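# Secondary and tertiary structure notes
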Amino acid sequence: MLASAPRLVHRIGPFIGIAVFGLALVVLHDWLLAQSYQELKAALAALPASALARAACFTAAGYAVMTGYDLFALRFVGRRLTMPSTASAAFIANALGNNFGNTLITGAAVRYWIYTSAGLTAAEVARVVLFCSIGFWLGFLFVGGVVFAFFPVALPVALQWDGATTRPVGAIFLALLAIYLILVAGHGKLMPAHRRFALPPLPLTFGQVVVASFDLCLMAAVFQSLLPHAANIGYADCLAVFLIALVAGNVSLVPGGLGVFESAVVLLLGRRVAAADLAGALLMFRMVYFIAPLLVAVALVAVRTRAGAFPQLRGMIGKGSRLFVAVAPQILAATVFVAGALLLFSGSVPAATGRLDIVHHILGLPLIEASHFVASLAGAALLLLAHALQRRLDAAWHLAVLLLGAAAVLSLAKGWDFEEASVLGIACIVLLSLRRQFYRKSSLLGEPFTGAWVAATAIVMLASSWLVAFAYRHAPYADQPWWAFALKAEASRSLRAIVGAAVLICLFALYRLLRPMRPPPRSPGAADMDHARAIAQQSPATYANLVLRGDKAVLLSEAEDAFLMYGRKGRSWIAMGDPVGAEEGARELLWQFHDLCDRFDGHCVFFEASATWRAEYAELGLALTPLGEEARVALADFSIDTPARKSLRQARSRVLRQGCSFAIVPREEVAAMLPKLRQVSDAWLAGKATQEKGFSNASFDAAYLGQFPLAVVRCGDDIVAFANLWLGADNEELSVDLMRHVPEAPNGTMDFLFCELMLWGHAQGYRWFNLGMAPLSGLAGQRQSPIWRHVGTLIYRHGEHFYNFNGLRRYKAKFNPVWRPLYLASPGGVALPGILVDVTALMAGSVLGIISKRGSAAPQPACDAS
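The paragraphs below set out a description of the structure included in this document. (Residues numbered from 1 in each chain as written. Predicted model: local features only at pLDDT ≥ 70, side-chain atom pairs only at ≥ 80, totals over all residues. Heavy atoms only, no water.)

Okay, the pattern of salt bridges next. Evaluated as defined, the whole model comprises 20 salt bridges. D394 serves as the salt-bridge partner of R435, at 2.2 Å between the closest nitrogen and oxygen. Highlighted residues: R435 in the loop between helix 18 (418–433) and helix 19 (451–471) and D394 in helix 17 (residues 394–415), separated in sequence by 41 residues. For D394, a relative accessible area of 10% translates into the label buried. Between D551 and R549 there is a salt bridge, and its shortest N-O distance comes to 4.0 Å. For D551, a relative accessible area of 40% gives the class partly exposed. For R549, a relative accessible area of 15% translates into the label buried. When salt bridges that share partners are traced, they join E369, R493 and R496 into one network. (Salt bridge = Lys/Arg side-chain N within 4 Å of Asp/Glu carboxyl O. Helix = DSSP H or I, 4+ residues; strand = E, 2+ residues; numbered from the N terminus. Buried < 20%, exposed > 50% of the residue type's maximum accessible area, 1.4 Å probe, protein only.)

Interaxial distance between helix 3 (residues 49–65) and helix 9 (residues 202–226) falls to 8 Å at its minimum, and their mutual angle equals 165°. For the element pair helix 3 / helix 9, the angle class is roughly antiparallel. Viewed along their axes, helix 3 and helix 9 form a crossing whose handedness is left-handed. Of the residues in helix 9, those touching helix 3 at A51, L52, R54, A55, F58, T59, A61, G62 and V65 are V211, F214, D215, L218, A221, V222, S225 and L226. A class-by-class count of the residues in the contact of helix 3 with helix 9 yields twelve nonpolar, three polar and two charged. (Axes fitted to C-alpha atoms, helices over the stretch in contact; angles between N-to-C directions. Parallel < 35°, antiparallel > 145°, perpendicular 65-115°, else oblique. Left-handed = near helix turned anticlockwise from the far one by under 90°. Contact = heavy atoms within 4.5 Å. Nonpolar A, V, L, I, M, F, W, Y, C, P; charged D, E, K, R; others polar.)

So, about empty space enclosed by the protein. As enumerated under the stated definition, the model contains two cavities of 30 Å³ or more in all. The space that makes up the largest cavity amounts to roughly 80 Å³. Forming the boundary of the largest cavity are eleven residues, of which Y112, T116, A122, R614 and L624 lie nearest the centre. Residue assignment for the lining of the largest cavity shows that the elements contributing at least two residues are helix 6 (107–117), helix 23 (614–619) and strand 8 (623–634). Partitioned by chemical class, the residues of the lining of the largest cavity number seven nonpolar, three polar and one charged. In this structure, the second largest cavity spans a volume of roughly 30 Å³. (1 Å grid on protein atoms, 1.4 Å probe; cavity = no way out; pocket = protein on both sides within 12 Å on 5 of 7 lines; lining within 4 Å. Points joined across faces, edges and corners; volume = space filled by probe spheres on them.)

The next thing to look at is the packing of helix 16 (residues 365–390) against helix 19. Across the interface, helix 16 lies against helix 19 with an axial gap of 10 Å and an inter-helix angle of 150°. Looking at the two axes, helix 16 sits roughly antiparallel to helix 19. As helix 16 runs across helix 19, the sense of the crossing is right-handed. Contacts from L383, A386, H387 and Q390 of helix 16 reach helix 19 at W453, T457 and V460.

Attention shifts here to helix 22 (residues 583–599). In this model helix 22 runs 24 Å from its N-terminal to its C-terminal C-alpha over 17 residues, within 8% of the 24 Å that 1.5 Å per residue would give. Judged by how many residues are buried, helix 22 sits mostly within the fold: twelve of 17 residues are covered. Within the span of helix 22, buried status applies to G585, A586, R587, E588, L589, L590, W591, F593, H594, D595, L596 and C597. (Expected span 1.5 Å × (residues − 1).)

Below, the discussion takes up unusual backbone geometry. Where the residue is not glycine, phi is negative for most of them; where a peptide bond is considered, it is trans in most cases. Even without being glycine, N232 reaches a positive phi, approximately 55°. Mapping N232 onto the fold places it in the loop between helix 9 and helix 10 (235–250). Since its relative accessible area comes to 64%, N232 is described here as exposed. With a phi angle near 55°, E560 is a residue other than glycine that sits in the positive phi range.

So, on to the pairing of strand 8. Among the twelve residues that make up strand 8, eleven are buried, leaving the element largely enclosed by the rest of the structure. By the bridge criterion, nine bridges tie strand 8 to strand 14 (residues 818–826) in an arrangement that is antiparallel. Bridge pairing in strand 14 places L624 opposite A825. (Pairing = 2+ DSSP bridges.)

The next point concerns helix 14 (residues 328–347). The end-to-end C-alpha distance of helix 14, which contains 20 residues, comes to 28 Å, matching closely the 28 Å that a straight helix rising 1.5 Å per residue would cover. Helix 14 sits mainly inside the fold: 17 of its 20 residues count as buried.

Moving on: the nonpolar core. With 158 residues, the main nonpolar core has F223, L278, F285, L404 and L431 as its most contacted residues. When residues in this core are grouped by element, the largest group, 15 residues, is from helix 12 (residues 275–306). Apart from the residues within four sequence positions on either side, L404 is in contact with V336, A339, L382, L424, A427, C428 and L431. By size, the runner-up hydrophobic cluster in this structure holds 77 residues, among which are V554, A721, V742 and L842. (Core = buried A, V, L, I, M, F, W, Y, C linked by side-chain atoms within 4.5 Å.)

This is the structure:
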């Protein structure tokens, strides 16, 4: 029950945000009851240029100061990045975080995408994010404590505490900050013992407070510079009001606190500042501090991502362009969403004075009407496409480019709105320049739509509907029916546009609700296995042959040029290794599998994943947990006639002296040998007191073994050991899967078999011999997941009673291999222990198999020479 509570909050949170935004609209509507749209426009036009210049300067300074969060955080985790990369990451994260809050695209997610691409581990990024978040609230406690205690403001009647001031709150804030500083000075730790987060040293803590204090003060200065001088709102009063409104917006679950921040300011300052002036200041603050930095972030991502194509540009802006590849779709999705909202908002209000007449001299009324209506439909479509762009869909990119270009032209045709057309045109150009970031070939209508995107779309539609009601409340022609067509009947035109946009979105939602649910995955059919077999035969990675066991479900790419094999246990959907096949198809399978897991509320897991797809796993929100190291022996110059392989040379000679021989049996001849192979396998199982396992482990299966050539060791006429061969495409890799020997086999038999196989592979021109993974090996040197590193290292060193971890690594080390880390890609966090149990149970056959001797016996190098 407790475990499902976070999921319940995650699901209903967006809809709480819709309700809160609705309440904020009610507050704003009542406050602006006596105001007209034209008065609001006049207040905006009356803002002095000097005030806008001050606001822009304070905004630039504020975003520059926010780089300090990341600089101190990276120092805290002991990592260093170049200043351009750190400043760019901080700016983009804050621009997106400020506009979308904790809903669609958070600053934490942006930092995760950028910093994991820079080589930071998931655990380090989590510490960076937590450091930045704590730093912000430390600064809030300090600034809020000083302002609320020494410059108190009266709380509004709406809080049912009329007459009370913020002084007690300020005292509490300062006390909390003092307690935290005492903990830091005493080297305390946060969180329970099993999940401790070490506090930063005192100098870094003071740095956090200073950066956050400047951040908050500069943000409030932007807003204060836009307030009319006649209102006589001092900076201290403005700062206190701003802090209260900021908290209200942050906890509202509304993207960017839209409407909620404004409502809080209205409740606190509505009686002291004229409604039109305050509304103009709030609107301009939103444009200067939120929207403008977002547009700059879009340009920055475009430049940084495209820097590789222009060496001279790369030299100017610094290296590390690849760090911004992962975040490009996210910020472009945000831009397209804002563009859609802009089209809907502009379609909900009258055209600028005199511009309709200009257009009417060129275009007839039907074209003007059609342009207005279609532009709003395009806005609604862009809202829906933004989510698909975030998921890198190729079709979404094509449609978004088309709609942005068309909407720029329609903006001119509907009312000569050249400002809007310029913004849309620039967004279209930026999107065109980043074409390569959108590679997924998938159905637009088949993509999952999250609650956060649903809520954001609903909020934009609610705001657009409210704008229609507000803008035409006191306007001429406001009482005309919505089907009336006339040049000056702008209320009817806007109403038709918003109704059309709403109908489009409702039809999309209805299709999503009524479409048939995909059935749960079934075992692969003969056709699927034929496709998978063909792909595996063309793969240089030998683990692809595991698909031929037929015990895993298979997910094929749309082009049937890649596959992913997986099994299920508990809530975990566990893919075996990385996707196999063509790169484009493999990348698409990552998303398909993640969506499949999400659709059935399962954990998306990749077992024995490599670092090759690290960026893609990070983009899916999966953390890499080290599992161990894979041993690969280079065969190009392999020889046993070296001092380092003396023990192998001696073991080989000893086995040969006992009359043993080695042979490769072609696949066509294996079927006739299966009865004798079965005897060897049964003897091995009896000697180990174990049973067959599955998933990533080998088991004796006659149909499976008949698909591969075989390596056998004979003593006289008797087979004493065998192993089936996996042959990678293009002679890239050679490996074995099922290895069995009889208990009475001569000592060193498996050393002999491996030496002969490597010599044979060398003669055949293979580059590598894959000895498989040594579980938990190399964890002590890994940076990922410090807790798991310590636990895994402890098990590795002291768990020999259950599994010969150290012995297995020592055995493989005799061949002087190159070690390559393998990972478990999973959601991590509190779900990790359950996922590890599910993975182990899937291999052992059941949960009971994990703890039973017969289900958990480890492969022992019993016949080595040591």
